[in-house]
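Descriptive analysis of the structure
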Amino acid sequence: MISVFMVMRESFLLLRRDKIFLPAVAAGVMITIFANIASEWGIEEFRKILFDVGALGFHLTGCLVAIFWGTKTVSEARADGSLEIQLAAPIGRVSWLVGKYLGLVLALIFFWLLVLVFWQGIMFANDFGGMTQPQFMFFVFQLLEWSLVGAVALFYSTFAGVTIALFATISTWMAGLVSLPVAQNLPYGADGWAVDVVKGLARFWDLRQFNLSGFATGVEKIGPGELQVRGVYGILLILIIMTVSCIFFRRRDVLA
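The rules we used
- Residues numbered from 1 in each chain as written.
- Predicted model: local features only at pLDDT ≥ 70, side-chain atom pairs only at ≥ 80, totals over all residues.
- Heavy atoms only, no water.
- Helix = DSSP H or I, 4+ residues; strand = E, 2+ residues; numbered from the N terminus.
- Buried < 20%, exposed > 50% of the residue type's maximum accessible area, 1.4 Å probe, protein only.
- Polar contact = N/O pair within 3.5 Å; in protein donor to acceptor, adjacent residues only side chain to side chain.
- Contact = heavy atoms within 4.5 Å.
- Axes fitted to C-alpha atoms, helices over the stretch in contact; angles between N-to-C directions.
- Parallel < 35°, antiparallel > 145°, perpendicular 65-115°, else oblique.
- Left-handed = near helix turned anticlockwise from the far one by under 90°.
- Nonpolar A, V, L, I, M, F, W, Y, C, P; charged D, E, K, R; others polar.
- Phe/Tyr/Trp six-rings, centres within 6.5 Å; stacked < 30°, edge-to-face > 60°.
- Patch = residues over 30% accessible without salt bridge, like charges linked within 9 Å, V, L, I, M, F, W, Y side chains within 5 Å.
- Areas by Shrake-Rupley, 256 points an atom, 1.4 Å probe, with all protein chains shown as cover.
- Salt bridge = Lys/Arg side-chain N within 4 Å of Asp/Glu carboxyl O.
- pLDDT = per-residue confidence, 0-100.

Let's talk about the side chain of Thr71
- By the secondary structure assignment, Thr71 is in helix α3 (residues 46-79).
- With relative accessibility at 3%, the residue Thr71 sits in the buried group.
- In terms of polar contacts, Thr71 uses its side chain to reach the backbone carbonyl oxygen of Phe68, at 3.1 Å.
- Ignoring any residue separated from it by four or fewer positions in sequence, one finds Thr71 in contact with Ala153, Ser157, Ala165, Leu166 and Thr169.

So this is what it looks like as structure tokens:
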């Protein structure tokens, strides 16, 4: 546990000082400001437009940051030689990878908190008061999706180079966003292995479940039970992906 904590702490500090961090925070602030401005242009309810625009912006920004950080945290350690030094400490490969992921999650939480504070400030500025429970859950599930995408990026980084890991992670992320709409719009009577793959993907890899913008604005009704199911679904996916990542990492040559 001590080795996991040490790797986690180092990973968090490195990511917090990363060149991407400040631009990401600035992007989150600009998205909040733009969402506030755009909400005043529309004829729909102010709060609905605010969260619709904000949901898109936070989703894209957070997931892209998680992708870049997830691939970078392993590839840089391999490139600068710190991976071999730390494993010779000795630190087990599983402990090292788990520590790196926990450091990534901490960095994402830190980024998330900064965005959350600024968003709450915008709500106070518009006389909305504090966040309601559905609005707060919207941000919680955004963080859960970022952590899931980060786990995917870490997984590909355990056996692929930076370029391939980035491409594969972005492709997997996009597949999770479109899997359900594609499955729902298959031609009537369509059959074959491709249809089975699409339906299976929509059943087990549906990232749209983490978008609660409709719930935050009261348009969509989601009960506590379904929220728990979605939360458990995301956590189980993370655990499965990290388990497979540890298996791959234990068997892979770290110098490759």
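Further notes follow.
Some details on the packing of helix α5 (residues 93-125) against helix α6 (residues 133-157)
- Between α5 and α6, the shortest axis-to-axis distance is 10 Å and the interhelical angle comes to 150°. Judged by the angle between their axes, α5 and α6 are roughly antiparallel. Read as a crossing pair, α5 and α6 show a hand that is right-handed. Across the interface between the two elements, Leu97, Tyr101, Leu104, Val105, Leu108, Ile109, Phe111, Trp112, Leu116, Trp119 and Met123 from α5 touch Gln135, Phe136, Phe139, Val140, Leu143, Trp146, Ser147, Leu148, Gly150, Ala151 and Leu154 from α6.
- Here the residues of the contact of α5 with α6 sort into 19 nonpolar, 3 polar and no charged.

Here we look at the packing of aromatic side chains
- Taken as a whole and judged by the stated rule, the model has 13 aromatic pairs.
- Seen in terms of ring centroids, Phe12 and Phe110 are 6.2 Å apart; in terms of plane orientation they differ by 90°. Their pairing is edge-to-face. Of this pair, Phe12 sits in helix α1 (residues 2-16) while Phe110 is found in helix α5, placing the two residues 98 residues apart along the sequence.
- Phe110 sits in the partly exposed class, given a relative accessible area of 31%.
- Among the aromatic side chains, those forming a connected cluster through ring pairs are Phe155, Tyr156, Phe159 and Phe248.

Brief notes about a nonpolar patch on the surface
- Together, Val232, Ile235, Leu236, Leu239 and Ile240 make up an exposed nonpolar region whose accessible area comes to about 470 Å².
- Within the secondary structure layout, Val232 lies in helix α10 (residues 224-251).
- Here Val232 falls in the partly exposed class, since its relative accessible area comes to 44%.

Structural notes on the side chain of Thr61
- In this fold, Thr61 is placed in helix α3.
- Here Thr61 falls in the buried class, since its relative accessible area comes to 14%.
- Among all residues touching Thr61, those that are not within four sequence positions of it are Ala24, Ala27, Ile31 and Phe111.

Looking at the pattern of salt bridges
- Scanning the model with the defined rule gives 2 salt bridges in all.
- Note that Lys100 and Glu10 form a salt bridge whose closest N and O atoms lie 3.9 Å from each other. A residue pair is termed long-range when its members are at least 10 positions apart, and Lys100 in helix α5 and Glu10 in helix α1 qualify at 90 residues.
- What makes Lys100 buried here is its relative accessible area of 4%.
- Residue class for Glu10 comes out partly exposed when judged on its relative accessible area of 28%.
- Residue Arg230 pairs with Glu226 through a salt bridge whose shortest N-O separation is 2.8 Å. Of this pair, Arg230 and Glu226 both sit in helix α10, 4 residues apart, which is roughly one turn of the helix.

Quick look at the confidence of the model for the protein
- In the predicted model, the protein carries a mean pLDDT of 80, and the fraction of residues at 70 or more is 82%.
- Across the protein, the element-wise mean pLDDT spans from 66 in helix α4 (residues 82-87) up to 91 in α6.

Points about the environment of Thr243
- The topology assignment puts Thr243 in helix α10.
- For Thr243, a relative accessible area of 46% corresponds to the partly exposed category.
- Separated by 88 residues in the primary sequence, Thr243 and Phe155 have C-alpha atoms spaced 9.3 Å apart.
- A polar side-chain atom of Thr243 sits 2.7 Å from the main-chain carbonyl oxygen of Leu239.

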